[in-house]
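Listed here are the chains, written in short residue letters.
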Amino acid sequence: RTDTDSSVKVFGVRTLSNLTQRDPAKMVPFLTERLDKETNGDLRLAIIDELRSFGAAAKLAIPSLQSARRDAQTAVREAAAQAIQAIEKPAPKQP
């Protein structure tokens, strides 16, 4: 059964991420596919936020995030741009 309440879906995305122990190998492909298919702005924001939290491990998602930068909602466009920056940010150099 599909739930139409976006808050339930957002909770589901965050819960799934926690249940997989935030494993980027499992979550990034799943979240990227969901971002490509999802039309609900709140859910797209939650997906983008989860992708951003993976940092460089989410490089696979950059093409989908670039597409999200053309979203009708300003908040989604801005979140996608911030996620791309976070993902592309170079890792700090070790002393």
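Keep in mind that this is a model prediction, so the values were computed, not measured.

Asks: Quick one: what's the story with the overall build of the chain, residue by residue and with numbers?
Replies: Secondary structure assignment for the chain yields five helices and zero strands. The linear arrangement of helices and strands in the chain, starting from the amino end, is α-α-α-α-α. Taking all 95 residues of the chain together, 36% fall into the buried category. Partitioning the contacts of the chain with sequence separation of at least 6, the portion at a separation of at least 24 is 59%. Split by element, the accessible area of the chain, about 6,100 Å² in all, is 52% carbon and sulfur.

Asks: Account for the packing of helix H2 (residues 24–37) against helix H3 (residues 41–53), naming residues and giving values.
Replies: Between H2 and H3, the shortest axis-to-axis distance is 10 Å and the interhelical angle comes to 150°. As far as their axial angle goes, H3 and H2 are roughly antiparallel. The interaxial crossing formed by H2 with H3 has left-handed handedness. Judged by residue contacts, Val 28, Leu 31, Thr 32, Arg 34 and Leu 35 of H2 engage Arg 44, Ile 47, Ile 48, Glu 50 and Leu 51 from H3. Of the residues contributing to the contact of H2 with H3, the split by class is six nonpolar, one polar and three charged.

Asks: So, the nonpolar core: which residues are in play, and what are the values?
Replies: Ranked by size, the top nonpolar core spans 20 residues in total, and within it Ile 48, Leu 51 and Leu 65 carry the most contacts. Contributions of two or more residues to this core are made by H2, H3, helix H4 (62–68) and helix H5 (74–88). The element that contributes the greatest number of residues to this core is H5, accounting for six residues. Non-local contacts of Leu 51, meaning those with residues more than four positions away in its chain, are made with Val 28, Leu 31, Thr 32, Leu 35, Ala 58, Ala 61, Leu 65 and Ile 87.

Asks: Let's hear about the confidence of the model for the chain: which residues, and what values?
Replies: Averaged over the chain, the pLDDT score is 85; the fraction of residues at 70 or greater is 77%. Considering each helix and strand of the chain separately, the mean pLDDT is smallest for helix H1 (residues 6–19), with a value of 65, and largest for H4, with 98.

Asks: Which residues make up the packing of H3 against H5, and what values go with them?
Replies: Remark: H3 packs on H5, axes separated minimally by 9 Å, with the N-to-C direction vectors making an angle of 10°. Our classification of the angle between H3 and H5 gives roughly parallel. Between H3, through Gly 41, Arg 44, Leu 45, Ile 48, Leu 51 and Arg 52, and H5, the contact on the second element is made entirely by Ala 75, Val 76, Ala 79, Ala 80, Gln 82, Ala 83, Ala 86 and Ile 87. For the contact of H3 with H5, the per-class residue count stands at ten nonpolar, two polar and two charged.

Here is what the cut-offs are and how they apply
- Residues numbered from 1 in each chain as written.
- Predicted model: local features only at pLDDT ≥ 70, side-chain atom pairs only at ≥ 80, totals over all residues.
- Heavy atoms only, no water.
- Helix = DSSP H or I, 4+ residues; strand = E, 2+ residues; numbered from the N terminus.
- Buried < 20%, exposed > 50% of the residue type's maximum accessible area, 1.4 Å probe, protein only.
- Contact = heavy atoms within 4.5 Å.
- Areas by Shrake-Rupley, 256 points an atom, 1.4 Å probe, with all protein chains shown as cover.
- Axes fitted to C-alpha atoms, helices over the stretch in contact; angles between N-to-C directions.
- Parallel < 35°, antiparallel > 145°, perpendicular 65-115°, else oblique.
- Left-handed = near helix turned anticlockwise from the far one by under 90°.
- Nonpolar A, V, L, I, M, F, W, Y, C, P; charged D, E, K, R; others polar.
- Core = buried A, V, L, I, M, F, W, Y, C linked by side-chain atoms within 4.5 Å.
- pLDDT = per-residue confidence, 0-100.

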